[in-house]
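This is what each chain is made of:
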Amino acid sequence: MNVPVHRRLLIKMSGEALLGNAACGIDPDLLDRLAGDVAECAAAGAQIALVLGGGNIFRGAGLAARGMDRVTGDHMGMLATVMNALAMRDALERAGVQARVMSAIAMGPICEHFARDEAVRHLEQGRVVLFAAGTGNPFFTTDSAASLRAVEIGADLLIKATKVDGIYSDDPVKNPAADFYKHLNYDQVISERLGVMDTTAIVLCRDNEIPLRVMNIYEPGALARAAAGEDIGSLVEPGK
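Residues numbered from 1 in each chain as written. Predicted model: local features only at pLDDT ≥ 70, side-chain atom pairs only at ≥ 80, totals over all residues. Heavy atoms only, no water.

Mind laying out unusual backbone geometry, listing which residues take part and the relevant values?
Positive phi, close to 50°, is recorded for Arg193, a residue that is not glycine. Residue placement: Arg193 occurs in the loop between α6 (186–191) and α7 (199–207). The exposure class of Arg193 is exposed, given its relative accessible area of 77%. Phi at Glu209 is positive, roughly 55°, even though this residue is not glycine. Following the sequence through the fold, Glu209 ends up in the loop between α7 and β10 (212–216). (Helix = DSSP H or I, 4+ residues; strand = E, 2+ residues; numbered from the N terminus. Buried < 20%, exposed > 50% of the residue type's maximum accessible area, 1.4 Å probe, protein only.)

This is how it looks when you write it as structure tokens:
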């Protein structure tokens, strides 16, 4: 088993990462496989926090374009992230890992309300912590929530687990000639508008000197390798 060089990780997974072969919702086989990858990291000694998006269940942008109030749409999206977090918690516990869901919006019968000190205590006691409901505020993405929580818990590395193997100058599916970036800095991400995460998220990481690794979530064992310091995917660092 790979020994982690990063003491504390925050992993951001998009909601679409849970789709797998399903048309919508959650692919149970993929959910269990991803939970197994997270469990492998935790068993090796890393402290793991997770932020999951909600796009596999609900996306407010389309409805907002048709007239839905943006705040209402964002609140619905927050609830979708809670559903994904609950599903991942269940999968993790079935894999033998203790996990806690902490929501930015209070919903006591379902999960814990987010409190920074309590989240750190869970991590130090070996529990995986799943941060749900974004920041609790409309107009902020789950990418921004991931960066904010990474700063709050003192994460050594933020991993954005995606469907591609790193950062490109353009969409590699639409443009096969797009350049691949192995290493770059945050100012380059912003100036070239690379679309890795939204600008708020990127600036939070840059200003707090948290490195960001972008990698393919569908590659088995990749999370453990990244936790162990293997140079996979793309790495964004401040001031490099």
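From this point, the discussion proceeds with the structure in view.
A description of the sheet that holds strand β3 (residues 99–103) should follow, citing residues and the corresponding values.
The nine strands lie next to each other as β4-β3-β5-β2-β1-β6-β10-β11-β9, forming an open sheet whose pairing is mixed. Edge positions in the sheet fall to β4 (112–113) and β9 (183–185), since each of these pairs with one other strand and no more. Summarising the sheet, β10 and strand β11 (residues 234–237) pair through three bridges and their orientation is antiparallel. Within the sheet, the bridge partner assigned to Leu212 lies in β11 and is Val236. (Pairing = 2+ DSSP bridges.)

Requested: an account of the environment of Val129, with residues and values cited.
Of note, Val129 is situated in strand β5 (residues 128–132). Judged by its relative accessible area of 0%, Val129 is buried. Counting along the chain gives 31 residues from Val129 to Gln98, while the straight-line C-alpha distance between them is 8.8 Å. Setting aside chain neighbours within four positions, we find Val129 in contact with Ile48, Ala49, Leu50, Arg100, Met102, Ala119, His122 and Leu123. (Contact = heavy atoms within 4.5 Å.)

Could you give an account of the pairing of β3, with specific residues and numbers?
With four of its five residues buried, β3 lies for the most part within the structure. Both β3 and β5 contribute to a ladder of five bridges, which runs parallel. Among the inter-strand pairings, Met102 is bridged to a residue of β5, identified as Phe131. Of the pairings in the sheet, the one linking β3 to β4 comprises two bridges and is parallel in character.

Which residues make up the pairing of strand β1 (residues 8–13), and what values go with them?
With respect to burial, β1 is a largely interior element, six of its six residues being buried. Alternating positions in β1 separate into two faces, Arg8, Leu10 and Lys12 on one and Leu9, Ile11 and Met13 on the other, with burial throughout. Bridging between β1 and strand β2 (residues 47–52) involves six bridges; their strand directions are parallel. Each residue of the ladder has a partner; that of Ile11, found in β2, is Leu50. Running through helix α1 (residues 28–43), the crossover from β1 to the neighbouring parallel element β2 is right-handed. Where β1 lies against strand β6 (residues 157–162), five bridges are found, and the strand directions are parallel. Bridge pairing links Met13 to Ala161 in β6. (Right-handed = clockwise from strand over helix to strand, strands pointing away.)

Please give an account of the packing of aromatic side chains that cites residues and values.
With the rule as written, the count across this model stands at two aromatic pairs. Measuring from ring centre to ring centre gives 5.5 Å for Phe114 and Phe131, while their planes differ by 85°; the resulting arrangement is edge-to-face. Taken as a pair, Phe114 in the loop between β4 and α4 (116–124) and Phe131 in strand β5 lie far apart in primary sequence, 17 residues in all. The class of Phe114 is buried, set by a relative accessible area of 17%. Judged by its relative accessible area of 4%, Phe131 falls in the buried class. Above the plane of the ring of Phe131 lies Arg149, whose end atom (NZ or CZ) is 5.9 Å from the centre. (Phe/Tyr/Trp six-rings, centres within 6.5 Å; stacked < 30°, edge-to-face > 60°. Lys NZ or Arg CZ within 6 Å of the ring centre and 35° of its normal.)

That is the geometry; function is a separate question.
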